[in-house]
Amino acid sequence: MNPRFVALACLSLSIPSHPQGVAPSTSAETASVSEMPFRLSSGYLIEVEGRIGDQGKLKFVLDTGATITIVDQKIADKLKLDRQPAHSFNFDRKLKWDSAILPELQFGPVHATNIMVFIGRLREYSEFAKNADAVIGMDLLKFSNFSIDLDNKKVTFRRSMQKVTVVADDPLFQCPILEFQVQGHPVRLIVDTGLAGIVFYEERLRKQVPGLRTTGRLVDATIGDRVRAKQVTIPDVLFGKTNRQVTALLMPSPAPEMLPEIDGVIGIATLKAHLINFDFSARTLDWQ
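Computed from a predicted structure; not experimentally measured. (Residues numbered from 1 in each chain as written. Predicted model: local features only at pLDDT ≥ 70, side-chain atom pairs only at ≥ 80, totals over all residues. Heavy atoms only, no water.)

### Digging into the environment of Lys74
By the element assignment, Lys74 lies in helix α1 (residues 73-79). Here Lys74 falls in the partly exposed class, since its relative accessible area comes to 38%. Through-space distance from the C-alpha of Lys74 to that of Gly120 is 8.6 Å; in sequence the pair is 46 residues apart. Ignoring anything within four residues of it in the chain, the contact list for Lys74 reads Ala132 and Asp133. A polar contact of 3.2 Å, which involves the side chain of Lys74, links it to the side chain of Asp133. (Helix = DSSP H or I, 4+ residues; strand = E, 2+ residues; numbered from the N terminus. Buried < 20%, exposed > 50% of the residue type's maximum accessible area, 1.4 Å probe, protein only. Contact = heavy atoms within 4.5 Å. Polar contact = N/O pair within 3.5 Å; in protein donor to acceptor, adjacent residues only side chain to side chain.)

Below, the structure is given as structure tokens:
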């Protein structure tokens, strides 16, 4: 099994716990329409160049599956940021971080000031993020709708939203959601640009799709060398007007109160698209 199949399993869908004394709000500005180049890493990761304070030419990974931006410890050390303990939840365990107020961060047209971020050693938490300086989460990405042009390797940001206040709320409030049909039944998955394939929550999927059919044999697998899963091939999956079979992981479902009405997570490479448009106001996307 490709260890990057579930690339950000330890970080995505994390629910930040704001430390005492740190205000969970910020502001950001974006231009009305702006483009920036990106590098496609491992066939699916969107890497862009960014700046934190006076440190430029940094490598940022854009991750719609992370609810909060995470900055590598080496950057925080250089900035001498004041930190407080924080944590996030990842299904069956609690992850420890530091948190800090970052004075300034910029990538392309997105310019954010005085934002709360998590601080940690990215290489210890995710294989794909080991060479990144920061993982940009939904706390910043949701300030502007954007399109990913996979043929021309550029990201286009649209629809300016200035001085938007980020309020601590349901972490799914701005997450892009994709609904499609599995064997004639609707399922809803979070779209995660930090993921290579598809992960279904097994109990929820079987509830949504009674008599779920699979082909071939089930293969035992692990997520992040820790969570047991099953690799399966599922036929009759309808993406838009295209019906095909997909290889996916089945993992234990989270607690009922966690990510309610969500049946799993899907990476953008699975769409086999040329252009993907994210609409964060509607929490949807379309592609061609």
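### Some thoughts on the side chain of Asp263
Here Asp263 is to be found in the loop between β18 (242-251) and β19 (264-266). Buried charged residue Asp263 carries no salt bridge. Nearest counter-charge: Arg204, at 5.9 Å. If we skip the residues at most four places from it in the chain, Asp263 touches Val187, Arg188, Leu189, Val199, Phe200, Tyr201, Arg204 and Gln208. (Lys, Arg positive; Asp, Glu negative; His and termini not counted. Salt bridge = Lys/Arg side-chain N within 4 Å of Asp/Glu carboxyl O.)

### Observations concerning the pairing of strand β4 (residues 45-52)
With six of its eight residues buried, β4 lies for the most part within the structure. Examined bridge by bridge, strand β3 (residues 39-41) and β4 share three bridges and lie antiparallel to one another. Within the sheet, the bridge partner assigned to Ser41 lies in β4 and is Leu45. Linking β3 back to β4 in an antiparallel pair, the connection comprises three residues, with Ser42 at a positive phi of about 60 degrees. (Pairing = 2+ DSSP bridges.)

### A word on unusual backbone geometry
The phi angle of most residues is negative, glycine excepted, and most peptide bonds adopt the trans form. Its identity as a non-glycine residue notwithstanding, Lys57 has a phi of 55 degrees, on the positive side. Residue placement: Lys57 occurs in strand β5 (residues 55-62). The residue Asn114 is not glycine, and still its phi comes out positive at about 50 degrees. As for its placement among the helices and strands, Asn114 is situated in strand β9 (residues 110-120). Exposure remark for Asn114: the relative accessible area of 48% places this residue in the partly exposed category.

Function-wise, these values are silent; they only describe arrangement.
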